[in-house]
Amino acid sequence: MAKVKMKTNKTAAKRFKVTAKGKIKYWKGGVSHYNTKKTSKRKRQGRKAKYVPENLKHKVAALIPNDV
């Protein structure tokens, strides 16, 4: 019998990318609107990509099984 494959969560696949070293990279949301009340530091840090912390990595990896 064939093993049942796990489907990729398409929403997660669009938001997370796996780097060559296996880290899971994501971009912070909510940076493209209502910028007048945000500080320069907050807007600048929103442009940079972040990495999923180790304690949550297994949960995100379960959503994108074919990429990890």
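Relevant structure appears above.
Computed from a predicted structure; not experimentally measured.

What counts as what
- Residues numbered from 1 in each chain as written.
- Predicted model: local features only at pLDDT ≥ 70, side-chain atom pairs only at ≥ 80, totals over all residues.
- Heavy atoms only, no water.
- Patch = residues over 30% accessible without salt bridge, like charges linked within 9 Å, V, L, I, M, F, W, Y side chains within 5 Å.
- Areas by Shrake-Rupley, 256 points an atom, 1.4 Å probe, with all protein chains shown as cover.
- Salt bridge = Lys/Arg side-chain N within 4 Å of Asp/Glu carboxyl O.
- Lys, Arg positive; Asp, Glu negative; His and termini not counted.
- Charge placed at Lys NZ, Arg CZ, Asp CG, Glu CD.
- Buried < 20%, exposed > 50% of the residue type's maximum accessible area, 1.4 Å probe, protein only.
- Helix = DSSP H or I, 4+ residues; strand = E, 2+ residues; numbered from the N terminus.
- Polar contact = N/O pair within 3.5 Å; in protein donor to acceptor, adjacent residues only side chain to side chain.
- Contact = heavy atoms within 4.5 Å.
- Pairing = 2+ DSSP bridges.
- Axes fitted to C-alpha atoms, helices over the stretch in contact; angles between N-to-C directions.

Concerning a positive patch on the surface
The grouping of Lys41, Arg44, Arg47 and Lys48 at the surface amounts to a positive patch. Of the residues examined, Lys48 reaches a relative accessible area of 57% and is grouped as exposed.

Brief notes about the side chain of Lys38
Within the secondary structure layout, Lys38 lies in the loop between β2 (24–27) and α2 (40–47). For the buried Lys38, no salt bridge is present, and the opposite-charge side chain at shortest range is Asp67, 27 Å distant. Of note is the side chain of Lys38, whose polar atom sits 2.5 Å from the backbone oxygen of Gly30. Here the side chain of Lys38 touches His33 through a polar contact of 3.1 Å, landing on its backbone oxygen. When neighbours within four sequence positions are excluded, Lys38 is seen to be in contact with Gly30, Val31, His33 and Lys43.

Remarks on the sheet that holds β2
Across the sheet, which stays open at both edges, the three strands sit in the order β1-β2-β3 with antiparallel pairing between neighbours. Pairing within the sheet leaves two strands with one partner each, and these edge strands are β1 (16–18) and β3 (49–51). Going from strand to strand, the sheet's axes swing by 35° on average, the running direction of each strand aside. Bridge analysis of β1 against β2 gives three bridges, and the strand direction is antiparallel. What sits directly across from Phe16, in β2, is Tyr26.

Details of unusual backbone geometry
Although it is not a glycine, Tyr34 sits at a positive phi angle of roughly 55°. Tracing the sequence through the fold places Tyr34 in the loop between β2 and α2.

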